[in-house]
Amino acid sequence: MKFAYKFSNLLGAFYRHGNLSFSKDGNSVISPVGNRISVFDMKNNRSETLPVSTTKNITCFGVSPDGNLAILIDEDGAAILVSLVTRAVLYHHHFHNPVHSVSFSPDGRKFVITKKNVALMYDAPGKNREFNAFALEKSYYGPFDETTCIDWTDDSKCFAVGSKDMTTWIFGAERWANLIYYSLGGHKDIIVGCFFEKDSLDMYTVSQEGTLCVWESDTELEGLRKGPKYSEKKKMQEEKKSRDEVGEEKDDDDDIVEIVGEDDVIKGSAETPKEVEGIKNVHYSLRSKHYFNKEGDFNNLTAAAFHKKTHILVTGFASGAFHLHEMPEFDLIHSLSISDQRISTIAMNPTGDWIGFGCSGLGQLLVWEWQSESYVFKQQGHFNNMNSLAYSPDGQYLVTGGDDGKVKVWNTNSSLCFVTFTEHSSSVTNVAFTSSGFVVVSASLDGTVRAFDLHRYRNFRTMTSPRPAQFSSLAVDSSGELVCAGSQDSFEIFLWSMQTGRLLEVLSGHEGPVSNLCFSPVQSVLASVSWDKTVRLWDMLDSWQTKETLRLNSDGLAVTYRPDGQELAVACLDGEITFWNPQTGGQTGCVVGRHDLQMGRKETDKITAKQSAKGKSFTSLCYSADGESILAGGQSKFVCIYNIKEQILKKKFEISCNLSLDAMEEFLDRRKMTEFGNLSLVDEGTGDGDGIELSLPGVKRGDMSSRRFKPEIRVSSLRFSPTGRSWAAASTEGLLIHSLDASLVFDPYDLDMDVTPKSIRRQVTKKEWASAILLSFRLNEIPLIREVLEAVPYDQITVVCSSLPDVYVDKLLNFVASTLEKSNHLQFYLSWAQCLLTLHGQKLKNRSGAILPTVQQLLKSIQRHSDDLSKLCDWNIYNIRYAAALSKQRGVKRTATESLSDEEESSSETMDSADGILGRIFGIPYPHVAVFSCDFLACSIHCIQEGHLVLWTMVKHLPSPG
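Residues numbered from 1 in each chain as written. Predicted model: local features only at pLDDT ≥ 70, side-chain atom pairs only at ≥ 80, totals over all residues. Heavy atoms only, no water.

Details of the environment of Leu735
Okay, so step 1: Along the polypeptide, Leu735 turns up in strand β62 (residues 734–741).
Okay, so step 2: Residues Leu735 and Leu389, spaced 346 residues apart in sequence, show a C-alpha to C-alpha distance of 8.6 Å.
Okay, so step 3: Sequence-distant contacts of Leu735, defined by excluding residues within four places in its chain, comprise Asn9, Leu10, Leu11, Met386, Leu389, Leu398, Thr400, Ala728, Ala729 and Ala730. (Helix = DSSP H or I, 4+ residues; strand = E, 2+ residues; numbered from the N terminus. Contact = heavy atoms within 4.5 Å.)

Points about helix α5 (residues 782–791)
Okay, so step 1: Among all positions of α5, only Leu784, Ile785, Val788 and Leu789 are buried. Taken around the axis of α5, the buried residues stretch over an arc of 130°, which confines them to a single face.
Okay, so step 2: Summarising the contacts, the buried residues of α5 are in contact with α3 (757–765), α4 (769–779), α7 (806–820) and α8 (826–839). (Buried < 20%, exposed > 50% of the residue type's maximum accessible area, 1.4 Å probe, protein only. Arc of directions from axis to C-beta.)

Some remarks on the packing of aromatic side chains
Okay, so step 1: Applying the stated criterion across every chain yields a total of 37 aromatic pairs.
Okay, so step 2: Residues Phe104 and Phe111 carry aromatic rings whose centres are separated by 5.6 Å and whose planes lie at 45° to one another, so their mutual orientation is tilted.
Okay, so step 3: You can call Phe104 buried: its relative accessible area is 9%.
Okay, so step 4: By relative accessible area, Phe111 is classed as buried at 0%. (Phe/Tyr/Trp six-rings, centres within 6.5 Å; stacked < 30°, edge-to-face > 60°.)

What about the nonpolar core?
Okay, so step 1: Counting residues in hydrophobic clusters, the biggest one holds 39 residues, and the most contacted among them are Ile773, Leu789, Leu812 and Trp832.
Okay, so step 2: Setting aside anything within four residues of it in sequence, one finds Ile773 in contact with Val788, Leu789, Val792, Val800, Leu804 and Trp832.
Okay, so step 3: The next biggest cluster of nonpolar side chains, apart from the first, holds 24 residues, and it includes Val29, Phe40, Val367 and Met386. (Core = buried A, V, L, I, M, F, W, Y, C linked by side-chain atoms within 4.5 Å.)

As for the pattern of salt bridges
Okay, so step 1: Applying the stated criterion across every chain, the model contains 17 salt bridges.
Okay, so step 2: The partner of Asp76 in a salt bridge is Lys56, with the nearest N and O atoms 3.3 Å apart. Of the two residues, Asp76 is situated in the loop between β7 (69–74) and β8 (78–83) and Lys56 in the loop between β5 (46–49) and β6 (58–63); the sequence distance between them amounts to 20 residues.
Okay, so step 3: One salt bridge in this structure joins Lys226 and Glu174, with 2.3 Å as the shortest N-O distance. Residue Lys226 is found in the loop between β20 (211–217) and α1 (230–245), and its partner Glu174 is found in the loop between β16 (168–172) and β17 (181–184); the two are separated by 52 residues along the sequence.
Okay, so step 4: With a relative accessible area of 54%, Lys226 lands in the exposed category. (Salt bridge = Lys/Arg side-chain N within 4 Å of Asp/Glu carboxyl O.)

Section: the sheet that holds strand β18 (residues 191–196)
Okay, so step 1: Read across the open sheet, the four strands follow the order β18-β19-β20-β23; overall the sheet is antiparallel. Looking at which strands have only one partner, the edges of the open sheet turn out to be β18 and β23 (284–291). Neighbour-to-neighbour, the strand axes of this sheet turn through a mean angle of 20°, independent of strand direction.
Okay, so step 2: With four bridges connecting them, strand β19 (residues 203–207) and β20 associate as antiparallel partners. From the neighbouring strand, Tyr204 faces β20, where its bridge partner is Val214. (Pairing = 2+ DSSP bridges. Axes fitted to C-alpha atoms, helices over the stretch in contact; angles between N-to-C directions.)

Brief notes about the confidence of the model for the protein chain
Okay, so step 1: In this model, the protein chain carries an average pLDDT of 81, and 80% of its residues clear a pLDDT of 70 or more.
Okay, so step 2: Here residues 899–962 is modelled with pLDDT under 50, and outside its nearest four sequence neighbours on either side it reaches 81 contacts, counting other chains as well. (pLDDT = per-residue confidence, 0-100.)

So, the sheet that holds strand β27 (residues 331–337)
Okay, so step 1: Read from one edge of the open sheet, four strands run β24-β25-β26-β27, paired in antiparallel fashion. Every interior strand has two partners, whereas the edge strands, β24 (301–307) and β27, have only one. For this sheet, the mean angle separating the axes of adjacent strands, direction not counted, is 15°.
Okay, so step 2: Pairing analysis gives six bridges linking strand β26 (residues 321–326) to β27, with the strands arranged antiparallel. Across the sheet, residue Glu326 finds its bridge partner in β27, namely Asp331.

Looking at α7
Okay, so step 1: Taking 1.5 Å of rise per residue, the 15 residues of α7 would be expected to cover 21 Å, and the 21 Å separating its terminal C-alpha atoms lies within 8% of that figure.
Okay, so step 2: Of all the residues in α7, the buried ones are Tyr808, Val809, Leu812, Leu813, Phe815, Val816, Ala817, Thr819 and Leu820. (Expected span 1.5 Å × (residues − 1).)

Structural notes on unusual backbone geometry
Okay, so step 1: Cis geometry marks the peptide bond from Met327 to Pro328, where omega comes out at 5°.
Okay, so step 2: If you trace the backbone, Pro328 turns up in the loop between β26 and β27.
Okay, so step 3: For Asp199, which is not a glycine, the phi torsion comes out positive at approximately 50°.
Okay, so step 4: Considering the arrangement of structural elements, one finds Asp199 in the loop between β18 and β19.
Okay, so step 5: Of the residues examined, Asp199 reaches a relative accessible area of 46% and is grouped as partly exposed.
Okay, so step 6: If you check the backbone angles, His311 has positive phi at about 60° while not being a glycine.
Okay, so step 7: Tracing the backbone through its elements, the reader meets His311 in the loop between β24 and β25 (312–317).

Points about the pairing of β20
Okay, so step 1: Counting buried residues along β20, six of its seven residues qualify, which places the element largely inside the surrounding structure.
Okay, so step 2: Hairpin connection from β19 to β20: three residues lie between these consecutive antiparallel strands, with Gly210 at a positive phi of about 95°.

Regarding the packing of α5 against α7
Okay, so step 1: Where α5 meets α7, the axes come as close as 12 Å, and the angle between the chain directions of the two elements is 95°. Relative to α7, the element α5 lies roughly perpendicular. Where α5 abuts α7, its residues Ile782, Ile785, Arg786 and Leu789 lie against Leu812, Phe815 and Thr819. (Parallel < 35°, antiparallel > 145°, perpendicular 65-115°, else oblique.)

What to know about the pairing of strand β15 (residues 158–163)
Okay, so step 1: With six of six residues buried, β15 lies mostly within the body of the structure.
Okay, so step 2: Side chains Cys158, Ala160 and Gly162 of β15 all project onto a buried face; the interleaved residues Phe159, Val161 and Ser163 project onto the opposite face, where all are buried too.
Okay, so step 3: Hairpin connection, strand β14 (residues 147–152) to β15: the antiparallel pair is bridged by five residues, and Ser156 has positive phi, about 65°.
Okay, so step 4: As judged from the five bridges shared by β15 and β16, these two strands associate in the antiparallel manner. Across the sheet, residue Cys158 finds its bridge partner in β16, namely Gly172.

As for the side chain of Asn516
Okay, so step 1: Relative to the assigned elements, Asn516 resides in strand β44 (residues 514–519).
Okay, so step 2: Take Asn516: its relative accessible area is 16%, and that puts it in the buried class.
Okay, so step 3: A polar contact of 3.4 Å, which involves the side chain of Asn516, links it to the backbone oxygen of Val559.
Okay, so step 4: In this structure, Asn516 is in contact with Asn430, Ser473, Ala527, Ser528, Val529, Leu557, Ala558 and Val559, ignoring residues within four places of it in sequence. (Polar contact = N/O pair within 3.5 Å; in protein donor to acceptor, adjacent residues only side chain to side chain.)

Let's talk about the environment of Ser660
Okay, so step 1: Secondary-structure assignment places Ser660 in the loop between β55 (648–654) and β56 (673–674).
Okay, so step 2: Each C-alpha atom, one on Ser660 and one on Thr55, is 8.0 Å from the other, the two residues being 605 residues apart in sequence.
Okay, so step 3: Excluding its chain neighbours within four sequence positions, the residues that come into contact with Ser660 are Thr55, Lys56, Asn57, Glu75 and Lys710.
Okay, so step 4: Among the polar contacts made by the side chain of Ser660, one reaches the main-chain amide nitrogen of Asn57 at a distance of 3.0 Å.

Comments concerning the side chain of Asn178
Okay, so step 1: For Asn178, the position within the fold is in the loop between β16 and β17.
Okay, so step 2: Classification of Asn178 by relative accessible area gives buried; the value is 4%.
Okay, so step 3: Reaching out from Asn178, the side chain makes a polar contact with the backbone oxygen of Gly223 at a distance of 3.0 Å.
Okay, so step 4: Polar side-chain contacts of Asn178 include one of 3.2 Å to the backbone nitrogen of Arg225.
Okay, so step 5: Apart from residues no more than four positions distant in its own chain, Asn178 is found in contact with Thr219, Gly223, Leu224, Arg225, Ile279, Lys280, Asn281 and Val282.

Quick notes on the packing of α4 against α7
Okay, so step 1: Contact geometry of α4 with α7 gives a least axis separation of 11 Å together with a crossing angle of 80°. Overall, the two elements α4 and α7 adopt an arrangement that is roughly perpendicular. Facing α4, whose interface residues are Leu774, Phe777 and Arg778, α7 presents Tyr808, Lys811, Leu812 and Phe815.
Okay, so step 2: Within the contact of α4 with α7, the residues separate by chemical class into five nonpolar, no polar and two charged. (Nonpolar A, V, L, I, M, F, W, Y, C, P; charged D, E, K, R; others polar.)

This is the structure in structure tokens:
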């Protein structure tokens, strides 16, 4: 079956810049990550990155009240309308200026964006198909400086806009006679947040200096009155003009609504709008003024959020602390410091229980439950570049190492990091899993190689060299006993024992820095590549002597073995990938990939991208799971996949299209070229520029020497999943996962006119199970294959498996392995897998290289189900023990005559009492406490949801993952 690898998920980055938002149900938080949007489901412990992206980094986004639409706006003001249901882009729009904030009205009919000192109100996209989804309705002018925040009233009649000019402006979303605009002052710094009270025009405004103003309105929302229509206003203007002509006093007309074309433009002035006859204008008065703690850095308020139903105000500060106050009394509920970095944004879920915090300095995303004072979600990616990654043998986990000295382990199912090791004091250059999958080994520039235990989450082994050395490469043999690390300064390879941690040997022979190491998967042979233009093969069984030396045409950068160990691939500095036979030492092929890199031009480069690409090369290689293709990546936004046999380029994957990164564009931006030269060469300091802030070591804040730089797009490491269904790339954007997408691919096998769904179902009706399975695989429609398999009786599985041809055994085993990962029919599909492996095991072993990815995927699925079930079993056992102990305590209180009448009767009564307690606890009689079913996983999940106790009696039938 033909598959296409497509972008699946983004790991290692949780928040970069912009605002946060919760989903409609409040269980998921939506976070901008670079030019993409990630959704973190905290209830199911999963994450998903939408397959849509903007041109540059996202600065703000808004989600519709129904949770179906989202507007994403990047740094330049380019916006896309995205459907959160279909994950598709519906519309493109450009606001031509940077947008500061965007907000939908509570009724979902309007949305307001702020740019410069103007607020623009648009009609929200509706159910009707429109050529222009963003129709501008009104433009609101009032602030004299850039706008910062937006908030709506609950009935969508008015909205407020905060500004850097220390004022807050209130505008009517409709033509109200008594509220055209209103300006609120009272602050001495930038407005960080402005919030309406629930079902009221009363307001709270918060400024950066740490001041809170409580404003009270003399008019309720029901007191707003419709203003005069356009025809009436035009008549009034004509009458006014005629009065001016006869010499009457001319009034200031800045306070009226002007009509410019088809769009309304509301202009505000410092004076109060003139009252309409018989209608009193809305008036605000300052009810109270409060100040936050001014000690230390608490007065530098950076973010704020207000929940209208619970009247909770949350404020974040530059020191990483936040406060919870109950309004309007300003009673302090809680105060906590969650980080040592500036809190960039705050959001609250619809129920007001969870608070989301985003810290752009560390890329940190936290969700705090303030009532229980506990973390619901706490994730942080690598602060600096991600240098290396590795898959566990079963493909269930990923480990990464970065320049921040951290080693992080990720779960590929949830896409979340579950453990971080911080023992290294310098950059982590390489990471690897042992064959058991429970030990992670990492090499660092701090001169240590550390081994971490994933059972106890601790660093149990630290290996060092006799002389200080910076380790740039790492390799672990297939048995997990030998650990090798290459030095980039002494040109030596150090060999340790994992069991004892002792240094076994120092391998010398290279005349340049050792750039990469790789062990053969089938032999105890180590391949090392160096800048001295050689690849050396070291025999671990023969006194660690050099077995073979392969001469290269250029400096060697990367080396890797094919999964069967029969081929070696080497990437060189001249952009070539050469293939070697490790047995004979002869070269079997070569791929020239210099022209496939397609380097972009940096902003500071003085040569063209075409000239710059001549000096670039691949720095990471990885074989596919079947060994037929090879992935190659380097200092480029592209990852190339080559067919080894044909030595041709099969496809190029674009890692990112984010123009906020450097070296993305092929040509120089002419807008940055002046008569004085390239503006990109001018160091503007920190200021308000884009990029990542880089300051001197030890300085947390206020560093006048700090500068900003734009990160360069590159791929530092590539790895194929052992299951063969996905591959990962460690890039500047984060850890990008590309997985197989077979949902829209129709690829039948041995098809003819008689193979139709109708004929297949006819075979099922006749109970011709083997024939029906063969026909369904020939048509190759997954839902139909699943339907046929699940129609086979349990007692007929062995008979059907024994009659399958060899070619269909591989297909059926592959289908069972992929279905088992998500299906609830656990024992049913395990029975299929057991029969196939038992009856056809010898033939499958003869072609083990071809079915290895399938077996590893099957192992991954079984391991995941085993972990889930073991936790549930432990939970049930503890409940049963508690119930039995409770019954014994009640039995002791009974009289001696009742309890000591007969030993057997006493024991039976104790059991009956325990069963009765179980029944009273869970509301079900004893015979139904234990669930016995062939499809026991689905039944058990149903019983757990109903609050019943499930006694797992069939877990022992699960085969061991080993």
